[in-house]
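Close look at the chain arrangement
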Amino acid sequence: MLHDEGGTGRPILLLHGLMGSARTWQRHVPWLREHGHVYTFDAAGHGRPAPEQLTTEAFVADLTRALAPIEEPMAVIGHSMGGLHGWCFAAAHPDRVRALVVEDMAPDFRGRTAAGWAAMIGAWPVPFADAGAMLDYFGPVAGQYFVDSFELREDGYHLHGEVPVWRDISEEWGTRDFWSQWRAVQAPALLLEGEFTITPPGQMREMAGTPRESATRYECVAGAGHLVHDDRPDEYRAAVESFLAAVG
């Protein structure tokens, strides 16, 4: 589901990570409006039905349909799963993406499994009574991410999707790689990796060194974990603003 967040100028699209929502960008939308017309997007399987086939191509096709009203080339900014979907969209539709930001996501997770991660989620004490309970359980950064994402009902905060679906989305990444899609991206790109990344060591630097038609800028953000934009919001903003100014 596409959300018009306002602003004027060239379009900027924000794509959230796995188990996230469009609302996870709400603290960044105000300053991004200074650089263009901002849109956010709720991925399938996150508050709405997932595709029948849980492949990256199916999620990108869903995104492509939602973006039909936006005719001008976009700056696409994606975190984790959103970064992957962003570069796969850019590879499939090079005329629709003028710039790309990928936050803490790499092309090759082959051999990894999400089974243990899914079991951990299944053990969470859902529903959480209130936002404070979530912040206490997850900590301030991840807790706020989930407060922004989960569904608030009368009895508290519930998951906004199905754990088996989220597991299978992640499991696909353990069976294939996305190097060919990355190499096909024609737009200039900014790669932001957290110091305490979840990506395989060295892969995002390798992405930056991959020959492509346009330049790639890489930054490792000191002190940041997977949620770079929330862990180090000032550094994140400075990097993205510098990049957007450079690409025009």
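Remember, predicted model here, so these are calculated numbers, not experimental data. (Residues numbered from 1 in each chain as written. Predicted model: local features only at pLDDT ≥ 70, side-chain atom pairs only at ≥ 80, totals over all residues. Heavy atoms only, no water.)

Applying the stated criterion to the full structure yields 13 salt bridges. Residues D62 and R48 are paired through a salt bridge, measuring 2.5 Å at the closest nitrogen-oxygen approach. On the criterion of sequence distance, the pair formed by D62 in helix α2 (residues 56–66) and R48 in the loop between β3 (37–41) and α2 is long-range, its members being 14 residues apart. Of the residues examined, D62 reaches a relative accessible area of 14% and is grouped as buried. (Salt bridge = Lys/Arg side-chain N within 4 Å of Asp/Glu carboxyl O. Helix = DSSP H or I, 4+ residues; strand = E, 2+ residues; numbered from the N terminus. Buried < 20%, exposed > 50% of the residue type's maximum accessible area, 1.4 Å probe, protein only.)

Okay, the nonpolar core next. Within the largest apolar cluster, 57 residues are counted, with the highest numbers of intra-cluster contacts made by L13, W87, W124, W173 and W182. By residue number, the principal contributor to this core is helix α3 (residues 81–92), which donates 7 residues. Look past the residues within four positions of W182 in its chain and what remains in contact with it is W87, L100, A189, L191, M207, T210, R212 and T216. With 21 residues, the next largest nonpolar core counts L14, L32, L190 and V228 among its residues. (Core = buried A, V, L, I, M, F, W, Y, C linked by side-chain atoms within 4.5 Å. Contact = heavy atoms within 4.5 Å.)

Turning next to the pairing of strand β4 (residues 74–79). Within β4, 6 of the 6 residues are buried, leaving the element largely enclosed by the surrounding structure. What you see with β4 is no split at all: M74, V76 and G78 on one side and A75, I77 and H79 on the other are buried throughout. Where strand β2 (residues 11–15) meets β4, 4 bridges bridge the pair, whose relative direction is parallel. Note on β4: the bridge partner recorded for I12 is A75. Once the chain exits β4 it traverses α3 before rejoining the sheet at strand β5 (residues 97–103), and the crossover so formed is right-handed. (Pairing = 2+ DSSP bridges. Right-handed = clockwise from strand over helix to strand, strands pointing away.)

Estimated volume of the largest pocket: approximately 650 Å³. What lines the largest pocket is a set of 23 residues, among which L18, S80, W117, I198 and H226 lie closest to the centre. Those elements that place two or more of their residues in the lining of the largest pocket are α6 (140–149) and α7 (163–173). Split by residue class, the lining of the largest pocket holds 14 nonpolar, 7 polar and 2 charged. (1 Å grid on protein atoms, 1.4 Å probe; cavity = no way out; pocket = protein on both sides within 12 Å on 5 of 7 lines; lining within 4 Å. Points joined across faces, edges and corners; volume = space filled by probe spheres on them. Nonpolar A, V, L, I, M, F, W, Y, C, P; charged D, E, K, R; others polar.)

Residue position: A115 is located in helix α4 (residues 115–122). Looking at A115, the relative accessible area reads 45%, which means it is partly exposed. Distance in space between the C-alpha atoms of A115 and P140 is 26 Å, their sequence separation being 25 residues.

Before going further, it helps to examine the side chain of H46. With respect to the element layout, H46 can be found in the loop between β3 and α2. From its side chain, H46 meets the backbone nitrogen of M19 in a polar contact 3.0 Å long. Once residues lying within four places of it in the same chain are set aside, the contact partners of H46 are H16, G17, L18, M19, G20, M81, H160, W166 and I169. (Polar contact = N/O pair within 3.5 Å; in protein donor to acceptor, adjacent residues only side chain to side chain.)

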